[in-house]
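Listed below, chain by chain, are the residues.
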Amino acid sequence: MSGVELDRRGLLAAGALAALASGARAALPPPKDFDRLAVWPGAAPGAPTVPPPEQEVRRSPNGPAEDTAITHVAQPTLTHIRPAKPNGAALLMIPGGGYVRVAVGIEGYAIARRFAEAGYHCFVLVYRLPADGWAAGPDAPLQDAQRAMRLIRTRAAREGFDAKRVGAIGFSAGGHLAARLATVGQATYAAVDAADAAPFLPQVAGLLYPVIQMAGPFTHKGSRDQMFGPSPDPAKLAAYSVEQHVPAGTPPTFLAAAADDRVVPVENSLGMFSALKTAGVPSEMHIFETGGHGFGLKRPDGSFSPWPDLFLHWAGTHGV
(Lines give C-alpha, C1' and ligand atoms only; values in the text may rest on other atoms or scores of the structure.)
Protein backbone atom coordinates (compact mmCIF):
# COMPACT_ATOMS: atom_id res chain seq x y z
CA MET A 1 0.00 0.00 0.00
CA SER A 2 1.42 3.38 -0.97
CA GLY A 3 1.07 6.06 1.64
CA VAL A 4 -0.32 5.55 5.10
CA GLU A 5 -4.08 5.98 5.45
CA LEU A 6 -5.03 7.91 8.56
CA ASP A 7 -8.59 7.87 9.81
CA ARG A 8 -9.65 10.75 12.05
CA ARG A 9 -9.30 8.80 15.29
CA GLY A 10 -5.89 7.45 14.31
CA LEU A 11 -4.66 10.85 13.21
CA LEU A 12 -5.70 12.49 16.46
CA ALA A 13 -4.20 9.70 18.54
CA ALA A 14 -0.93 9.88 16.61
CA GLY A 15 -0.92 13.65 16.95
CA ALA A 16 -1.53 13.43 20.67
CA LEU A 17 1.39 11.02 21.12
CA ALA A 18 3.62 13.30 19.05
CA ALA A 19 2.51 16.24 21.15
CA LEU A 20 3.50 14.44 24.33
CA ALA A 21 6.84 13.54 22.83
CA SER A 22 7.77 16.88 21.29
CA GLY A 23 5.58 19.52 22.89
CA ALA A 24 3.61 19.97 19.66
CA ARG A 25 -0.13 20.48 19.58
CA ALA A 26 -2.13 17.86 17.67
CA ALA A 27 -3.40 19.05 14.28
CA LEU A 28 -7.11 19.51 13.78
CA PRO A 29 -8.98 16.70 12.01
CA PRO A 30 -9.73 17.17 8.30
CA PRO A 31 -13.12 18.54 7.22
CA LYS A 32 -15.85 15.88 7.20
CA ASP A 33 -15.84 15.47 3.43
CA PHE A 34 -12.06 14.91 3.23
CA ASP A 35 -9.79 11.96 4.01
CA ARG A 36 -6.18 12.39 5.09
CA LEU A 37 -3.10 10.29 4.44
CA ALA A 38 0.54 10.63 5.37
CA VAL A 39 3.01 11.59 2.68
CA TRP A 40 5.82 9.44 4.10
CA PRO A 41 5.51 5.86 5.45
CA GLY A 42 7.52 6.84 8.51
CA ALA A 43 9.31 9.99 9.56
CA ALA A 44 9.98 12.52 6.82
CA PRO A 45 13.61 12.38 5.59
CA GLY A 46 16.29 14.35 7.35
CA ALA A 47 14.34 15.15 10.51
CA PRO A 48 15.98 17.54 12.98
CA THR A 49 17.04 16.19 16.37
CA VAL A 50 14.16 18.06 18.00
CA PRO A 51 11.02 17.81 15.84
CA PRO A 52 9.34 21.15 15.12
CA PRO A 53 6.33 21.97 17.36
CA GLU A 54 3.60 21.58 14.73
CA GLN A 55 0.48 23.66 15.33
CA GLU A 56 -2.73 24.32 13.42
CA VAL A 57 -4.56 27.51 14.27
CA ARG A 58 -7.45 29.50 12.86
CA ARG A 59 -6.21 32.43 10.78
CA SER A 60 -8.94 34.69 12.13
CA PRO A 61 -11.08 34.24 15.25
CA ASN A 62 -14.12 35.44 13.30
CA GLY A 63 -13.33 33.64 10.05
CA PRO A 64 -14.54 30.24 8.81
CA ALA A 65 -13.59 27.35 11.09
CA GLU A 66 -11.77 25.63 8.22
CA ASP A 67 -9.63 28.69 7.44
CA THR A 68 -6.58 27.47 9.31
CA ALA A 69 -2.82 27.62 8.94
CA ILE A 70 -0.28 25.00 9.98
CA THR A 71 3.16 26.01 11.22
CA HIS A 72 6.31 23.95 11.85
CA VAL A 73 5.00 20.99 9.86
CA ALA A 74 6.40 17.74 11.25
CA GLN A 75 4.16 15.25 9.44
CA PRO A 76 3.43 16.18 5.81
CA THR A 77 -0.05 15.09 4.70
CA LEU A 78 -2.36 14.90 1.71
CA THR A 79 -6.03 15.66 2.36
CA HIS A 80 -8.26 14.13 -0.32
CA ILE A 81 -11.72 15.16 -1.49
CA ARG A 82 -13.48 12.91 -3.99
CA PRO A 83 -15.72 14.29 -6.76
CA ALA A 84 -19.38 13.28 -6.99
CA LYS A 85 -19.04 12.98 -10.78
CA PRO A 86 -15.42 12.08 -11.58
CA ASN A 87 -13.87 13.24 -14.84
CA GLY A 88 -10.93 10.84 -14.61
CA ALA A 89 -8.33 13.41 -13.52
CA ALA A 90 -6.73 14.63 -10.28
CA LEU A 91 -5.09 17.78 -8.95
CA LEU A 92 -2.46 18.38 -6.30
CA MET A 93 -3.32 21.63 -4.47
CA ILE A 94 -0.36 23.45 -2.86
CA PRO A 95 -1.42 26.29 -0.51
CA GLY A 96 0.74 29.31 0.21
CA GLY A 97 1.86 30.93 3.44
CA GLY A 98 5.21 32.57 2.73
CA TYR A 99 7.08 29.35 3.62
CA VAL A 100 6.39 30.18 7.28
CA ARG A 101 3.02 28.41 7.39
CA VAL A 102 0.67 26.40 5.15
CA ALA A 103 -2.69 28.15 4.79
CA VAL A 104 -4.97 25.18 4.12
CA GLY A 105 -8.34 26.95 4.30
CA ILE A 106 -8.75 29.53 1.54
CA GLU A 107 -6.10 28.05 -0.76
CA GLY A 108 -6.69 24.43 0.19
CA TYR A 109 -10.09 23.09 1.18
CA ALA A 110 -12.23 25.79 -0.45
CA ILE A 111 -10.51 25.58 -3.82
CA ALA A 112 -10.35 21.78 -3.65
CA ARG A 113 -14.15 21.70 -3.29
CA ARG A 114 -14.49 24.01 -6.30
CA PHE A 115 -12.45 21.67 -8.48
CA ALA A 116 -14.06 18.54 -7.06
CA GLU A 117 -17.37 19.99 -8.27
CA ALA A 118 -15.79 20.03 -11.74
CA GLY A 119 -14.93 16.32 -11.46
CA TYR A 120 -11.37 16.28 -10.12
CA HIS A 121 -10.00 14.20 -7.28
CA CYS A 122 -8.26 16.91 -5.24
CA PHE A 123 -5.38 16.43 -2.83
CA VAL A 124 -4.34 19.31 -0.54
CA LEU A 125 -0.66 19.14 0.43
CA VAL A 126 0.66 20.20 3.84
CA TYR A 127 4.41 20.39 3.31
CA ARG A 128 7.43 20.92 5.54
CA LEU A 129 8.89 24.39 5.86
CA PRO A 130 12.50 25.20 4.98
CA ALA A 131 13.54 27.02 8.18
CA ASP A 132 12.58 24.21 10.58
CA GLY A 133 15.92 22.40 10.61
CA TRP A 134 15.32 19.64 8.04
CA ALA A 135 18.48 18.27 6.44
CA ALA A 136 17.26 19.24 2.97
CA GLY A 137 16.73 22.86 4.01
CA PRO A 138 15.07 24.74 1.10
CA ASP A 139 14.46 21.45 -0.72
CA ALA A 140 12.37 19.92 2.08
CA PRO A 141 9.10 21.28 0.61
CA LEU A 142 10.04 19.96 -2.83
CA GLN A 143 10.73 16.51 -1.39
CA ASP A 144 7.17 16.48 -0.05
CA ALA A 145 5.68 17.72 -3.33
CA GLN A 146 7.53 15.14 -5.42
CA ARG A 147 6.53 12.37 -3.04
CA ALA A 148 2.93 13.62 -3.04
CA MET A 149 2.68 13.47 -6.85
CA ARG A 150 4.00 9.92 -6.79
CA LEU A 151 1.52 8.87 -4.10
CA ILE A 152 -1.39 10.39 -6.01
CA ARG A 153 -0.43 8.43 -9.11
CA THR A 154 -0.15 5.16 -7.17
CA ARG A 155 -3.73 5.68 -5.93
CA ALA A 156 -5.16 6.24 -9.41
CA ALA A 157 -6.37 2.67 -10.03
CA ARG A 158 -8.13 2.28 -6.68
CA GLU A 159 -9.71 5.75 -6.87
CA GLY A 160 -10.70 5.51 -10.54
CA PHE A 161 -8.72 8.28 -12.22
CA ASP A 162 -6.00 8.24 -14.87
CA ALA A 163 -2.49 8.32 -13.40
CA LYS A 164 -1.33 10.34 -16.41
CA ARG A 165 -4.00 13.02 -15.90
CA VAL A 166 -2.64 14.61 -12.73
CA GLY A 167 -1.93 18.33 -12.50
CA ALA A 168 -0.67 20.64 -9.75
CA ILE A 169 -1.87 24.09 -8.70
CA GLY A 170 0.13 26.28 -6.30
CA PHE A 171 -0.65 29.60 -4.66
CA SER A 172 1.82 32.33 -3.61
CA ALA A 173 4.78 30.52 -1.96
CA GLY A 174 2.95 27.33 -2.90
CA GLY A 175 3.19 28.63 -6.46
CA HIS A 176 6.97 28.73 -6.07
CA LEU A 177 6.83 25.13 -4.88
CA ALA A 178 4.54 24.10 -7.76
CA ALA A 179 6.85 25.85 -10.22
CA ARG A 180 9.86 23.97 -8.83
CA LEU A 181 7.89 20.73 -8.94
CA ALA A 182 7.30 21.35 -12.66
CA THR A 183 10.85 22.42 -13.51
CA VAL A 184 13.24 20.37 -11.35
CA GLY A 185 13.65 17.16 -13.29
CA GLN A 186 15.57 15.10 -10.74
CA ALA A 187 14.32 13.49 -7.53
CA THR A 188 15.40 15.30 -4.36
CA TYR A 189 15.25 12.30 -2.01
CA ALA A 190 16.21 8.64 -1.97
CA ALA A 191 13.38 6.21 -2.75
CA VAL A 192 11.68 4.80 0.34
CA ASP A 193 9.16 2.35 -1.17
CA ALA A 194 7.54 1.18 -4.41
CA ALA A 195 5.54 4.41 -4.79
CA ASP A 196 8.77 6.22 -5.61
CA ALA A 197 8.93 4.45 -8.97
CA ALA A 198 6.05 6.66 -10.17
CA PRO A 199 6.83 9.92 -12.03
CA PHE A 200 6.59 13.19 -10.11
CA LEU A 201 6.27 15.79 -12.86
CA PRO A 202 2.67 17.05 -13.15
CA GLN A 203 0.90 16.84 -16.48
CA VAL A 204 0.07 20.57 -16.19
CA ALA A 205 0.94 23.24 -13.64
CA GLY A 206 -1.16 26.16 -12.41
CA LEU A 207 0.62 29.06 -10.71
CA LEU A 208 -1.62 31.56 -8.89
CA TYR A 209 0.01 34.86 -7.84
CA PRO A 210 3.21 32.85 -7.45
CA VAL A 211 6.48 33.64 -5.77
CA ILE A 212 9.03 32.99 -8.53
CA GLN A 213 12.07 35.22 -8.11
CA MET A 214 14.50 34.91 -5.20
CA ALA A 215 16.75 37.78 -6.30
CA GLY A 216 16.14 41.31 -7.50
CA PRO A 217 13.66 44.07 -6.71
CA PHE A 218 10.52 41.94 -7.13
CA THR A 219 11.46 39.24 -4.62
CA HIS A 220 9.03 38.33 -1.85
CA LYS A 221 11.44 38.92 1.02
CA GLY A 222 9.50 36.83 3.52
CA SER A 223 9.68 33.69 1.41
CA ARG A 224 13.33 34.30 0.58
CA ASP A 225 14.28 34.77 4.23
CA GLN A 226 12.47 31.60 5.28
CA MET A 227 14.37 29.64 2.66
CA PHE A 228 17.84 31.14 3.08
CA GLY A 229 17.98 33.40 6.14
CA PRO A 230 18.72 37.12 6.26
CA SER A 231 22.12 36.95 4.49
CA PRO A 232 21.66 34.54 1.59
CA ASP A 233 24.33 33.34 -0.80
CA PRO A 234 23.69 34.97 -4.21
CA ALA A 235 24.39 31.66 -5.93
CA LYS A 236 21.64 30.04 -3.86
CA LEU A 237 19.21 32.80 -4.77
CA ALA A 238 19.93 32.29 -8.46
CA ALA A 239 19.52 28.52 -8.12
CA TYR A 240 16.05 28.87 -6.58
CA SER A 241 14.81 31.67 -8.86
CA VAL A 242 12.55 29.49 -10.98
CA GLU A 243 12.46 31.76 -14.04
CA GLN A 244 16.21 31.15 -14.47
CA HIS A 245 15.76 27.37 -14.71
CA VAL A 246 12.89 26.49 -17.06
CA PRO A 247 13.78 23.49 -19.23
CA ALA A 248 12.11 22.73 -22.54
CA GLY A 249 10.40 19.69 -20.98
CA THR A 250 8.47 21.74 -18.40
CA PRO A 251 4.77 20.78 -18.37
CA PRO A 252 2.25 23.23 -19.88
CA THR A 253 1.78 26.05 -17.38
CA PHE A 254 -1.08 28.39 -16.48
CA LEU A 255 -0.50 31.65 -14.58
CA ALA A 256 -2.92 34.11 -12.99
CA ALA A 257 -2.20 37.15 -10.85
CA ALA A 258 -3.43 40.66 -10.12
CA ALA A 259 -1.71 43.79 -11.39
CA ASP A 260 -2.23 45.48 -8.01
CA ASP A 261 -0.58 42.73 -5.95
CA ARG A 262 1.50 44.54 -3.32
CA VAL A 263 2.78 41.40 -1.60
CA VAL A 264 4.21 39.37 -4.48
CA PRO A 265 4.73 41.78 -7.39
CA VAL A 266 3.12 40.73 -10.66
CA GLU A 267 6.58 40.84 -12.25
CA ASN A 268 7.09 37.36 -10.76
CA SER A 269 4.36 36.01 -13.04
CA LEU A 270 5.49 38.11 -16.00
CA GLY A 271 9.06 36.87 -15.65
CA MET A 272 7.94 33.25 -15.41
CA PHE A 273 5.71 33.58 -18.46
CA SER A 274 8.60 35.05 -20.44
CA ALA A 275 10.88 32.21 -19.40
CA LEU A 276 8.26 29.63 -20.37
CA LYS A 277 7.86 31.18 -23.79
CA THR A 278 11.63 31.31 -24.31
CA ALA A 279 11.81 27.59 -23.45
CA GLY A 280 8.97 26.78 -25.86
CA VAL A 281 6.65 25.58 -23.09
CA PRO A 282 2.90 25.86 -23.85
CA SER A 283 1.61 28.46 -21.44
CA GLU A 284 -1.24 30.85 -20.74
CA MET A 285 -1.36 33.87 -18.45
CA HIS A 286 -4.17 36.08 -17.07
CA ILE A 287 -3.37 39.34 -15.30
CA PHE A 288 -6.42 40.84 -13.61
CA GLU A 289 -6.58 44.58 -13.05
CA THR A 290 -7.50 44.19 -9.38
CA GLY A 291 -7.44 41.44 -6.81
CA GLY A 292 -4.37 42.07 -4.70
CA HIS A 293 -2.65 39.04 -3.23
CA GLY A 294 -4.22 35.80 -2.08
CA PHE A 295 -7.57 36.38 -3.78
CA GLY A 296 -8.40 32.68 -3.93
CA LEU A 297 -11.86 32.19 -5.41
CA LYS A 298 -13.15 35.74 -4.88
CA ARG A 299 -12.78 39.14 -6.55
CA PRO A 300 -12.31 42.24 -4.34
CA ASP A 301 -16.06 42.96 -4.65
CA GLY A 302 -16.92 39.48 -3.33
CA SER A 303 -17.94 38.03 -6.69
CA PHE A 304 -16.30 34.85 -7.93
CA SER A 305 -13.04 35.16 -9.84
CA PRO A 306 -13.01 33.78 -13.39
CA TRP A 307 -9.66 32.03 -13.05
CA PRO A 308 -11.01 28.55 -12.10
CA ASP A 309 -13.11 28.39 -15.27
CA LEU A 310 -10.21 29.71 -17.33
CA PHE A 311 -7.95 27.05 -15.82
CA LEU A 312 -10.50 24.28 -16.39
CA HIS A 313 -10.85 25.13 -20.07
CA TRP A 314 -7.10 25.43 -20.53
CA ALA A 315 -6.28 22.22 -18.62
CA GLY A 316 -8.82 20.34 -20.72
CA THR A 317 -6.94 21.32 -23.87
CA HIS A 318 -3.85 19.64 -22.36
CA GLY A 319 -5.53 16.40 -21.31
CA VAL A 320 -6.26 17.30 -17.70
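Heads up: the structure comes first, above all this text.
Residues numbered from 1 in each chain as written. Predicted model: local features only at pLDDT ≥ 70, side-chain atom pairs only at ≥ 80, totals over all residues. Heavy atoms only, no water.

## Regarding the overall build of the protein chain
1) Next: Helix and strand content of the protein chain: nine helices and twelve strands.
2) Next: In terms of C-alpha radius of gyration, the protein chain reaches 18 Å, essentially the compact-globule figure of 20 Å for 320 residues.
3) Next: Considering the protein chain as a whole, with its 320 residues, one finds that 56% of them fall into the buried category.
4) Next: Intrachain contacts of the protein chain at a sequence separation of at least 6 include 77% that bridge at least 24 residues.
5) Next: Put simply, the protein chain shows about 12800 Å² of open surface, and 57% of that area lies on carbon and sulfur atoms.
6) Next: Across the protein chain, the centroid of the 28 positively charged side chains sits 3 Å from that of the 27 negatively charged ones. (Helix = DSSP H or I, 4+ residues; strand = E, 2+ residues; numbered from the N terminus. Rg over C-alpha atoms; globule rule 2.2 N^0.38 Å. Buried < 20%, exposed > 50% of the residue type's maximum accessible area, 1.4 Å probe, protein only. Contact = heavy atoms within 4.5 Å. Areas by Shrake-Rupley, 256 points an atom, 1.4 Å probe, with all protein chains shown as cover. Lys, Arg positive; Asp, Glu negative; His and termini not counted. Charge placed at Lys NZ, Arg CZ, Asp CG, Glu CD.)

## Describing the packing of helix α3 (residues 140-154) against helix α5 (residues 173-183)
1) Next: Relative to each other, α3 and α5 sit at 65°, their axes nearing to 10 Å. Crossing angle aside, the handedness with which α3 passes α5 is right-handed. Across from P141, L142, A145, Q146 and M149 in α3, the residues of α5 making contact are L177, R180 and L181.
2) Next: By residue class, the composition of the contact of α3 with α5 is six nonpolar, one polar and one charged. (Axes fitted to C-alpha atoms, helices over the stretch in contact; angles between N-to-C directions. Left-handed = near helix turned anticlockwise from the far one by under 90°. Nonpolar A, V, L, I, M, F, W, Y, C, P; charged D, E, K, R; others polar.)

## Points about unusual backbone geometry
1) Next: Backbone geometry at Y99 places phi at a positive 65°, although glycine is not the residue there.
2) Next: Note that Y99 resides in the loop between β6 (90-94) and β7 (102-103).
3) Next: Accessibility expressed as a relative area gives 1% for Y99, which makes it buried.
4) Next: Located in the positive-phi region is S172, a residue other than glycine, with phi close to 55°.

## A closer look at the packing of aromatic side chains
1) Next: For the structure shown, the criterion picks out 15 aromatic pairs.
2) Next: Ring geometry for W40 versus Y189: centroids 4.9 Å apart, planes at 80°, classification edge-to-face. Placement of the pair is W40 in the loop between β2 (35-38) and β3 (55-58) and Y189 in the loop between α5 and β10 (205-208), with a sequence separation of 149 residues.
3) Next: By relative accessible area, W40 is classed as buried at 4%.
4) Next: Residues F228 and Y240 carry aromatic rings whose centres are separated by 5.2 Å and whose planes lie at 70° to one another, so their mutual orientation is edge-to-face. Of this pair, F228 sits in helix α6 (residues 221-228) while Y240 is found in the loop between α7 (234-239) and β11 (253-258), placing the two residues twelve residues apart along the sequence. (Phe/Tyr/Trp six-rings, centres within 6.5 Å; stacked < 30°, edge-to-face > 60°.)

## Some points on the side chain of H220
1) Next: Inspection of the secondary structure assignment puts H220 in the loop between β10 and α6.
2) Next: A polar atom in the side chain of H220 sits 2.7 Å from the side chain of S223.
3) Next: Apart from the residues lying within four places of it in its own chain, the contact partners of H220 are G98, V211, Q213, V263 and V264. (Polar contact = N/O pair within 3.5 Å; in protein donor to acceptor, adjacent residues only side chain to side chain.)

## Section: the nonpolar core
1) Next: L78, L92, M93, F115, W307 and F311 are the most contacted members of the largest nonpolar core, which has 88 residues in total.
2) Next: With residues near it in sequence (within four places) discarded, W307 still touches I111, F115, F171, L208, F254, A256, F288, F295, G296 and L297. (Core = buried A, V, L, I, M, F, W, Y, C linked by side-chain atoms within 4.5 Å.)

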